[in-house]
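# Close look at the chain arrangement
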Amino acid sequence: ARGTSDGDIAVIGLGRFGCHLAGALTRLGHEVLAVDRNPEQVQRWAPHLERVVQADATEEHALRQLGLTDFRRVVVAMGVSLEASVLTVVALTEVGVPQIWARATSDKHARILASVGAHHVIFPEAETGERVAHLIVSRMLDFIEFGDDFAIAKVPVPPSLVGRSLRDLGPERYGVLVVGAKLPGERFRYATADTRISKDTVLIVEGTIAQVQQFANLG
Ligand code: ADP
């Protein structure tokens with residue numbers, strides 16, 4: 001058997017979130033060890049993932065048996081069972097995993113995970129809910145918020161700006177900075193002062209949340 005290398009990542013809990021995460025990490029070129037307690041889930045994902053094993057991750061000896069002590073990064077991806085998620089984080093802390101990522105499904109859950117030793121807590125339902133709210137109420141095609149009131153959005157060019165160049169709409173006019181532009185069928189290019197804006201251009205803009213929202217809602 002091959003040894004564990006530094007890029008390897010273990011994903012525990014192959015529910016809806018965990019299976020997407022494991023697939024994405026695999027596509028990014030990482031060896032993924034996927035773990036689930038339920039034999040049916042293991043069978044279901046075995047054909048699609050490199051290494052899928054059945055184990056109860058709340059059991060410290062099971063983690064040792066799987067060699068999780070050699071992993072630098074482990075993700076606790078289950079959401080429904082708070083008990084399983086918290087006990088798994090505790091067990092991973094016991095075996096000394098240096099970077100434990102854990103998924104929370106509520107604010108309280110997030111606080112518990114942090115207090116029992118998770119190094120990174122993620123809250124996908126909250127993050128996705130907030131992001132999708134922006135997409136629904138504005139013309140934004142995508143939106144990422146970085147905290148401290150800074151955001152980047154993908155926005156179709158506002159109709160009133162068609163035919164202008166970026167020189168005409170610098171930060172001093174709309175607050176946002178246009179960093180990229182794309183025509184249909186082409187790739188995104190870094191925006192320059194001479195980038196011309198035609199009807200079907202899609203822009204990447206950055207600024208405060210209010211500025212980005214305002215720009216996305218320009219007529
Ligand atoms: P999602 O909301 O992403 O569908 P779920 O919480 O429903 O997530 O899925 C959890 C997955 O984690 C299930 O496949 C379940 O079998 C698995 N699981 C639950 N408890 C354990 C455990 N102690 N050890 C390993 N896997 C577990």
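The structure presented is a predicted model; accordingly, all values stated were derived computationally and were not measured. (Residues numbered from 1 in each chain as written. Predicted model: local features only at pLDDT ≥ 70, side-chain atom pairs only at ≥ 80, totals over all residues.)

### Some words on the nonpolar core
Across soluble globular proteins, nonpolar side chains have a tendency to be buried as a group. Selection rule: For the purposes of this analysis, a nonpolar core is taken to be any set of buried Ala, Val, Leu, Ile, Met, Phe, Trp, Tyr and Cys residues that are connected through C-beta atoms within 7 Å. Exposure criterion: with C-beta atoms placed from backbone coordinates, a residue whose C-beta has 20 or more other C-beta atoms within 10 Å is buried, one with 12 or fewer is exposed, and one in between is partly exposed. Helix numbers and strand numbers start at the N terminus; a helix is a DSSP run of H or I with at least 4 residues, a strand a run of E with at least 2. We call two residues in contact whenever the C-beta atoms placed from their backbones are within 7 Å.
Counting 33 residues, the largest nonpolar core has A10, V11, I12, V74, V75, V76 and I100 as the members making the most contacts within it. Elements represented by at least two residues in this core include exactly β1 (9-12), α1 (16-27), β2 (32-36), β4 (73-76), α4 (82-95) and β5 (99-103). Among all residues touching A10, those that are not within four sequence positions of it are L33, V35, L68, F71 and V74. Counting residues in each nonpolar core, the second largest holds 18 residues, with A151, L161, A181 and V212 among its members.

### Structural notes on the sheet that holds strand β7 (residues 142-145)
Think of a sheet as strands paired side by side through backbone hydrogen bonds, with each pair either parallel or antiparallel. The criterion, for reference: If DSSP finds at least two bridges between two strands, the strands pair. For every element, the axis is a line fit to its C-alpha atoms; helices are fit only across the contacting stretch, and the angle between N-to-C directions ranges from 0 to 180 degrees.
Pairing is antiparallel in the open sheet, where five strands are placed in the order β7-β8-β11-β9-β10. Two strands bound the open sheet, and with one partner strand each, they are β7 and β10 (189-190). As defined by bridge partners, strand β9 (residues 177-182) adjoins β10 across two bridges and the pair is classed as antiparallel. From the neighbouring strand, G180 faces β10, where its bridge partner is Y190. Taken strand by strand, helix α8 (residues 209-216) contacts β7, β8 (151-156) and β11 (202-207), and its axis lies near 0° from that of β8.

### Description of the pairing of β9
As paired elements, β9 and β11 share five bridges and run antiparallel to each other. Opposite A181, over in β11, you have L203 as the bridge partner. Taking the residues that link successive antiparallel strands as the turn, the β9-β10 hairpin has six residues, and the phi of G185 there is positive, at about 80°.

### So, the sheet that holds strand β6 (residues 120-122)
Pairing in this open sheet of six strands is parallel, and the strands run β3-β2-β1-β4-β5-β6 from one edge to the other. Whereas interior strands pair on both sides, the edge strands pair on one side only; in this sheet they are β3 (51-54) and β6. Ignoring strand direction, the axes of neighbouring strands in this sheet form an average angle of 20°. Where β4 lies against β5, four bridges are found, and the strand directions are parallel. Looking at β5, one finds that V75 is bridged to W101.

### Examining the domain arrangement of the protein
Here is the rule: What marks off one domain from the next here is an automatic or database domain assignment.
Parsing the protein into structural domains produces domain 1 (9-122) and domain 2 (127-216). Distance between the C-alpha centres of domain 1 and domain 2: 36 Å.

### A look at the site of the ligand
Where we set the bar: By definition, a residue lies near a molecule or strand when the C-beta atom built from its backbone is within 6 Å of it.
In the vicinity of the ligand lie 21 residues, with G13, G15, R16, F17 and V80 positioned nearest. Elements that contribute at least two residues to the shell around the ligand include exactly α1, β2 and α4. When residues in the shell around the ligand are grouped by element, the largest group, three residues, is from α1.

### Considering the environment of R72
Structurally, R72 is set in the loop between α3 (60-65) and β4. R72 sits 24 residues away from G96 along the chain, and the two C-alpha atoms are 9.2 Å apart. If we skip the residues at most four places from it in the chain, R72 touches D6, P98 and Q99.

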